[in-house]
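Structural features, examined
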Amino acid sequence: VPVPPAAAPRGGCSGNCSQLGHPLAAEIERVVTEQLGLVSSDVSDGWTLFAQQGDMRMYRMELPADNKSVDPLKAVSKADGVTARELCRAYWEPTVRLDWETTVDRVTVLARPDPSTVICHQLHRRIWPAQQRDTVFWSHLCRRRIGDREWSITVNHSISGHPDEPPAPAGAVRATMTATLAGMDEQEVSGDRRRLRCHVAYSSHVNPGGWAPTTGLRLVYKREYPRFLQRFTTYVTQKSRGKPVEP
Ligand code: 6CM
């Protein structure tokens, strides 16, 4: 059932990120469009289902083990009692990240180029026996219309060369990644939380930036990604209970 257009324009970036008015704008526009295409499309050839639990389905695309890239991952799920916007905002907001993110030791906000974009440095938990990793990335929250459906989306995408970018801490290796969380409300959003249901889509593609044992990495990811998605949606659902609905 198509969702009717929102009654009034709502805050934040909605539509064309290239008008954000700073040097990252064109890249944000390109990556958000590309990621929305990836997460909103059905799985096709090459994607293998590797985890399934309730409404959650997680797929990976197995690439040759060249130690340069970890298998791209894509997942879909459902969340009840929350809006797509609430989910994407919780994924975007760096001040709540450590409330749900168990694979990161430290989050530092380096800059806020516009109200919908933050630049973060993250120190990831070390996975033995590999060296610890860190990432520097922009994170952008926005809404996009595909046909008659509105999506909310947050994209985290690695950057290099930012003026405030710190060097990797001693012993750590700079990894790069693109990770996206997107959602679509399954019916018109009302103030009644009990009626909210949201389609959730996630994707992640990581380059470990140096040697990492591929077999070990695959095992860790198989366990950690389903755990993350489950934990994250439960976190947002519980945190939103009793609060006004953000459409
Ligand atoms: O999407 C997730 N978290 C985002 C916000 O914190 C984050 C995305 C991260 C993707 C994973 C990056 C890992 C970088 C470290 C690579 C380690 C390689 C060495 C290992 C050797 C065995 O922007 C949730 C991510 C959940 C991950 C399980």
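Fair warning: this is a prediction, and the values are worked out from it, not measured in the lab. Within each chain, residues carry numbers counting from 1 in the order of the written sequence. In keeping with the model being predicted, local features are shown solely for residues with a pLDDT of at least 70 and side-chain atom pairs are shown and tallied solely at 80 or more, while totals for entire chains, interfaces and linings include all residues. Hydrogens and waters are ignored; side-chain quantities use all the structure's heavy atoms.

Runs of E in the DSSP output that reach at least two residues are strands. Runs of H or I that reach at least four are helices, and both are numbered from the N terminus. A tally of helices and strands in the protein yields four helices and eleven strands. To get the radius of gyration, use the C-alpha atoms; to get the globule rule, take the number of residues to the power 0.38 and multiply by 2.2 Å. Relative to a compact globule of 247 residues, whose C-alpha radius of gyration would be 18 Å, the protein shows 18 Å and is just as compact. Dimensions along the principal axes, computed over C-alpha positions, put the protein at roughly 50 × 40 × 35 Å. Pairs of residues are marked as contacts when any of their non-hydrogen atoms sit within 4.5 Å. Long-range pairs, those at least 24 residues apart, make up 63% of the contacts in the protein between residues at least 6 apart in sequence. With residues, only the protein chains shown are counted as cover, and all accessible areas are computed by Shrake-Rupley using a 1.4 Å probe. Within the structure as shown, the protein displays about 12000 Å² of accessible surface, and the carbon and sulfur contribution to it stands at 54%. His residues and chain termini do not enter the charge count, which takes Lys and Arg as positive and Asp and Glu as negative. Lysine's charge is taken at NZ, arginine's at CZ, aspartate's at CG and glutamate's at CD. Charged side chains in the protein number 32 positive and 27 negative. The centres of these two groups are separated by 4 Å.

The subject of this paragraph is the nonpolar core. The term nonpolar core refers to a set of buried residues drawn from Ala, Val, Leu, Ile, Met, Phe, Trp, Tyr and Cys, joined through side-chain atoms within 4.5 Å. The buried label applies to any residue whose accessible area, calculated with a 1.4 Å probe on protein chains only, is under 20% of its type's maximum; exposed applies above 50%, and partly exposed to all values in between. Counting 38 residues, the largest nonpolar core has Met58, Leu87, Leu181, Tyr202 and Phe232 as the members making the most contacts within it. When residues in this core are grouped by element, the largest group, nine residues, is from helix α4 (residues 214–240). Residue contacts for Leu87: discarding those within four places in its chain leaves Ala79, Val82, Leu181, Cys198, Val200, Phe232, Thr233 and Val236. Among the nonpolar cores identified, the runner-up in size contains 23 residues, and Cys13, Ile119, Val136 and Val155 belong to it.

This part takes up the packing of aromatic side chains. Two numbers describe a pair of aromatic rings. These are the distance of the centres and the angle of the planes. Here is the rule: rings of Phe, Tyr and Trp (six-membered ring for Trp) pair when centre to centre is within 6.5 Å. Planes less than 30 degrees apart are stacked, more than 60 are edge-to-face, and the remainder are tilted. In total, this model carries ten aromatic pairs according to the counting rule given. Geometrically, the ring pair formed by Trp100 and Phe232 is edge-to-face, given 4.9 Å between the ring centres and 70° between the ring planes. Of this pair, Trp100 sits in helix α3 (residues 97–100) while Phe232 sits in helix α4, and the two are 132 residues apart along the sequence. As far as burial versus exposure is concerned, Trp100 and Phe232 are alike and both buried. Geometrically, the ring pair formed by Tyr221 and Tyr225 is edge-to-face, given 5.0 Å between the ring centres and 70° between the ring planes. Within this pair, Tyr221 and its partner Tyr225 are both found in helix α4, separated by four residues, close to a single helical turn. This pair shows no difference in class: Tyr221 is buried, exactly as Tyr225 is.

Glancing now at empty space enclosed by the protein. With a 1 Å grid spanning the protein atoms alone, the term cavity applies to any set of points in which a 1.4 Å probe fits but cannot get out, the term pocket to an open set with protein on both sides within 12 Å along at least five of seven lines, and the term lining residue to any residue with an atom within 4 Å of a point. Grid points are joined across faces, edges and corners, and a volume is the space filled by probe spheres set on the points. The tally for this structure, following the rule as stated, stands at three cavities of 30 Å³ or more. Considering only enclosed or pocket space, the largest cavity measures out at about 60 Å³ in volume. In terms of lining, the largest cavity is formed by Phe50, Arg60, Val70, Asp71, Leu73, Arg218, Tyr221 and Lys222. If you tally residues by element for the lining of the largest cavity, the top one is α4, at three residues. Lys, Arg, Asp and Glu make up the charged group, whereas Ala, Val, Leu, Ile, Met, Phe, Trp, Tyr, Cys and Pro make up the nonpolar group; the residues left over, Gly among them, are polar. In terms of residue class, the lining of the largest cavity is built from four nonpolar, no polar and four charged. In this structure, the second largest cavity spans a volume of roughly 50 Å³. As for the second largest cavity, its lining consists of Trp100, Glu101, Thr102, Thr103, Glu224, Arg227, Phe228 and Arg231. In terms of residues, the lining of the second largest cavity owes the most to one element, α4, which gives four residues. Classifying every residue of the lining of the second largest cavity by side-chain character gives two nonpolar, two polar and four charged.

It is worth spelling out the side chain of Gln35 at this point. As for its position among the elements, Gln35 is in helix α1 (residues 25–40). Residue Gln35 is classed as buried on the basis of its relative accessible area of 6%. Think of a polar contact as two N or O atoms within 3.5 Å of one another; within protein, one of them needs to be a possible hydrogen donor and the other a possible acceptor, and neighboring residues in sequence only count if both atoms come from side chains. Within polar-contact distance, the side chain of Gln35 engages the side chain of Thr180 at 2.6 Å.

Another aspect to go through is the environment of Pro23. Take Pro23: it is sitting in the loop between β1 (13–14) and α1. The class of Pro23 is exposed, set by a relative accessible area of 83%. Placed 185 residues apart in sequence, Pro23 and Pro208 show a C-alpha to C-alpha distance of 26 Å.

The next subject is the site of the ligand. In the vicinity of the ligand, 21 residues are found, and the nearest of them are Tyr91, Glu101, Asn156, Tyr202 and Leu217. Here an oxygen atom of the ligand and a side-chain polar atom of Tyr91 are 2.6 Å apart. Separating an oxygen atom of the ligand from a side-chain N or O atom of Gln122 is a distance of 3.1 Å. Look at the ligand: alone it shows 730 Å² of surface, and the protein chains cover 96% of it. Among the cavities detected, the one that contains the ligand is the largest pocket. Contributing elements (two or more residues each) for the shell around the ligand: α3, β6 (117–124), β10 (176–185), β11 (197–207) and α4. Neighbouring residues are identified by heavy atoms, a residue being near a molecule or strand if any of them is within 4 Å of it. By definition, a pocket or cavity contains a molecule when more than half of the molecule's atoms lie within 2 Å of the pocket's grid points.

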